[in-house]
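# Chain and residue survey
Residue strings, one per chain:
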Amino acid sequence: PAIPRPCTFPVKLWLLVNNPCVQSVRWDARGEGLFIDQGLFEQELLVAEPGEDELFKTKNFGSIVRQLNLYGFHKLTVNPGSSAVGPGPRLATAGGDTSYLDGPLHHFWNPHFRYDRPDLLLKIKRLTKANKEKLDAGLEVSSRLPDDLEQ
């Protein structure tokens, strides 16, 4: 399936978790959630060198968590023994090595954020006040499609 350009937070996040060069964000063992090593994430993605483009408009990890919440991600409890962020096919594996973790490990889940389904990213909507009112009224929330997915 076509992967939209990184114009939305969920698309950026999906590209990061699938990028072998990014060590701070990994899929969980089932490929249905993601682990974020906070300390490593801050070092790797929130600190731009002079002259580099900033990936996110913030340097505050709390703002990243706020974005996750606004896009419907839920924080799950982390079991250190079974939530390793290890090498391999970018999936965390049970009982793997967690020794390089630099900070708190966070586990987030969204039903439309899956390893093998980039097409589901279009279903992730930002929960604004207007969108929440539409959802509460049983209406569909529309979102603009990225340019490369418009037909």
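Keep in mind that what you see is a predicted model, and the values were worked out from it rather than measured.

## A word on the sheet that holds strand β2 (residues 33-37)
- Sheet architecture is open: 4 strands sit in the order β1-β2-β4-β3, paired in antiparallel fashion. Each of the sheet's edge strands pairs with one partner strand only, and the pair in question is β1 (25-27) and β3 (74-76). Taking each pair of neighbouring strands and ignoring which way they run, the sheet shows an average axis angle of 35°.
- Pairing analysis gives 5 bridges linking β2 to strand β4 (residues 105-109), with the strands arranged antiparallel. Residue pairing for β4: F35 is matched across the bridge by H107.
- In this fold helix α1 (residues 9-17) packs onto β1 and β2, with an angle of close to 80° to the strand it touches most, β1.

## Remarks on α1
- Of all 9 residues in α1, 7 are buried, a share of seventy percent or more.
- Turning to α1, its buried residues number three or more, namely F9, P10, V11, L13, W14, L16 and V17.
- Check the buried side of α1 and you find it contacts β1, β2, α2 (38-45) and α3 (61-70).

## Describing the side chain of H106
- The residue H106 is located in strand β4 in this model.
- Classification of H106 by relative accessible area gives buried; the value is 8%.
- One polar contact links H106 to Q38, side chain to side chain, over a distance of 2.8 Å.
- A distance of 2.8 Å separates polar atoms of two side chains, one belonging to H106 and the other to K75.
- Setting aside chain neighbours within four positions, we find H106 in contact with L34, F35, I36, Q38, F61, K75 and V78.

Rules of the game
Residues numbered from 1 in each chain as written. Predicted model: local features only at pLDDT ≥ 70, side-chain atom pairs only at ≥ 80, totals over all residues. Heavy atoms only, no water. Pairing = 2+ DSSP bridges. Helix = DSSP H or I, 4+ residues; strand = E, 2+ residues; numbered from the N terminus. Axes fitted to C-alpha atoms, helices over the stretch in contact; angles between N-to-C directions. Contact = heavy atoms within 4.5 Å. Buried < 20%, exposed > 50% of the residue type's maximum accessible area, 1.4 Å probe, protein only. Polar contact = N/O pair within 3.5 Å; in protein donor to acceptor, adjacent residues only side chain to side chain.

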